[in-house]
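# Fold and geometry: a report
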Amino acid sequence: MYKAVFIDMDGTLKNDKGQITDRTKEAIKNATSKGIYVVICSGRPIHSTIEVSKESNASNYIICSNGAHIYDYKQEKTLYCNKMTDENCLRLYEIANKYDTKFVLNTENGRYVNKNEIDEDDDLIDKPIAEFLEEHDVSQCIFISPKLETIKEIKEIEIPKFKDVEIKNQSKCLTNPEEKPWSITYCDIANLDSSKGNGIKKFCEIMNIDLKDTIAFGDDYNDVPMFETVGHAVVMGNANDYIKKNYADEIAEDNNLDGVAKVLERILEEGV
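These notes cover the structure that comes with them. Throughout this document, residue positions are counted from 1 along each chain, in the order its sequence is written. Only residues with pLDDT of at least 70 get local features here, since the model is predicted, and only at 80 or more are side-chain atom pairs given and counted; chain-wide, interface and lining totals rely on the full set of residues. Excluded from the side-chain calculation are hydrogens and water; included are all heavy atoms of the structure.

### Regarding the pattern of salt bridges
- Here a salt bridge means any side-chain nitrogen of Lys or Arg lying within 4 Å of a carboxyl oxygen belonging to Asp or Glu. Here the structure, examined in full by the defined rule, presents 17 salt bridges.
- Between K127 and E135 there is a salt bridge, and its shortest N-O distance comes to 2.8 Å.
- For the salt bridge of E253 with K262, the shortest nitrogen-to-oxygen distance reads 3.1 Å.
- Exposure categories follow from relative accessible area, calculated using a 1.4 Å probe and restricted to protein chains: below 20% of the type maximum is buried, above 50% is exposed, and the middle band is partly exposed. The exposure class assigned to K262 is partly exposed, which follows from its relative accessible area of 28%.
- One connected set of salt bridges, linked through shared partners, spans D8, K196 and D223.

As structure tokens, this is what we get:
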């Protein structure tokens, strides 16, 4: 029987309406009742990942910020944080100001922004950035803009100047010109050695779980490190053909057809 299940959020756990179906919630509940860790593994910050974890009946551990932060929300305790340097955060902050774009910092206790024109739930940085960085551990930074060309320029011109951070996740329109842009375009930036795969390795070290006893569900390029790490990689049917061909041990039905739930139900029934 698998000892840990890692599930990506958007395009995997959630359907295209942003919903977690009752069938999926029930399958996850049944898995955790058998002592299996079910861990939501997302590029999103701590609070939104916790909300989804609770809604889905998953375990009280999350891996967020693309693997840079592991948190136990029952004990309200950080188990691991791959902190970005203050110098890199400051340089990235200056780039955001240069391009007049929204800049997000994922920290150990929340998500902070330089401007709040898109999501009013974010906390504004209310002090000089150098002072803020002295007080907070930043695991991931994000550029967000309604202007596609702005994020493309930051991606292609500014980020390559850095030696020890890289883009971990980005709007699909930045990698596939056939994808229609959303109302906003984004790219996530973190340390080179931050990934969902390394987050899973750290979690399994902490919990004394052999990686061969793990399974992961995902649909996008930032899930590839998960697929390369776990014992069994389940790629969603809505993933692109390249990911399915090169990384799938198994292809689930897509996220609108309860793909996660159906695989979980099967492995629980089979006891594998």
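### Things to note about the sheet that holds strand β10 (residues 165-170)
- What the 6 strands build is an open sheet, ordered β8-β7-β6-β9-β11-β10; its pairing is mixed. Unpaired on one side and paired on the other, β8 (123-124) and β10 mark the two borders of the sheet.
- Where strand β6 (residues 102-107) meets strand β9 (residues 138-145), 6 bridges bridge the pair, whose relative direction is antiparallel. Residue pairing in the sheet places F103 in a bridge with F143 of β9.
- It only takes one pair of heavy atoms within 4.5 Å for two residues to be counted as in contact. A fitted line through C-alpha atoms represents every axis, and for helices the fit uses only the stretch in contact; the resulting angles, taken between N-to-C directions, go from 0 to 180 degrees. Under the DSSP-based scheme used, a helix requires at least four consecutive residues in state H or I and a strand at least two consecutive residues in state E, with every element numbered from the N terminus. On top of the sheet, helix α4 (residues 86-99) reaches β6, β9, β10 and β11 (185-191); it is set at about 10° to β9, its chief contact. In this scheme, strands are said to pair when DSSP sees at least two bridges between them.

### As for the sheet that holds strand β2 (residues 37-41)
- Strands sit in the order β5-β4-β3-β2-β1-β12-β13-β14 across an open sheet of 8 strands; the sheet is mixed. The sheet is open, and its two edges are formed by β5 (77-81) and β14 (250-251), each paired on a single side.
- Pairing of strand β4 (residues 69-72) with β5, which is carried by 4 bridges, proceeds in the antiparallel orientation. Within the sheet, the bridge partner assigned to D72 lies in β5 and is K77.
- On the sheet, helix α10 (residues 259-270) packs against β1 (4-7), β12 (214-218), β13 (232-235) and β14 and is oriented at approximately 165° with respect to β12.

### Looking at a negative patch on the surface
- Only residues whose relative accessible area exceeds 30% and that take part in no salt bridge are eligible for patches, with like-charged residues grouped when within 9 Å of each other and nonpolar side chains (Val, Leu, Ile, Met, Phe, Trp, Tyr) grouped when within 5 Å. Using the Shrake-Rupley algorithm and a 1.4 Å probe, accessible areas are obtained, with residue cover drawn only from the displayed protein chains. Positive charges come from Lys and Arg, negative ones from Asp and Glu, while His and the chain ends are left out of the count. For the purpose of locating charges, the reference atoms are NZ of Lys, CZ of Arg, CG of Asp and CD of Glu. Taken together, D123, D126, E131 and E134 make up a surface patch of like negative charges.
- Among the structural elements, E131 can be located in helix α5 (residues 129-135).
- On the basis of relative accessibility, which here comes to 35%, the residue E131 falls in the partly exposed class.

### Here we look at unusual backbone geometry
- Within the chain, N57 stands out as a residue other than glycine whose phi angle is a positive 70°.
- Of note, N57 is situated in the loop between α3 (46-55) and β3 (61-64).
- Judged by relative accessible area, which is 31%, N57 ranks as partly exposed.
- Even without a glycine there, the phi angle at S65 is positive, about 50°.
- Position of S65 relative to the elements: it lies in the loop between β3 and β4.

### A closer look at the side chain of T107
- Looking at the element boundaries, T107 is found in strand β6.
- With relative accessibility at 1%, the residue T107 sits in the buried group.
- Filtering out sequence-adjacent residues up to four positions away, T107 remains in contact with I46, H69, Y112, F132, H136, D137 and V138.

### Let's talk about helix α2 (residues 22-33)
- Working rule for helices: expected span equals 1.5 Å times residues minus one. Compared with an ideal rise of 1.5 Å per residue, which puts 12 residues at 16 Å, α2 spans 16 Å between its outermost C-alpha atoms and is within 8% of the ideal.
- Restricting attention to buried positions, one finds in α2 the residues T24, A27, I28 and A31. One side of α2 holds all its buried residues, which, seen down the axis, span an arc of 95°. More than 90 degrees from the buried face of α2, the exposed residues found are D22 and S33.
- Packing partners of the buried residues in α2 comprise β1, α1 (9-13), β2 and α10.
- At the exit of α2 stands G35, carrying a positive phi of roughly 85°. This arc describes the spread of directions from the helix axis toward the C-beta atoms.

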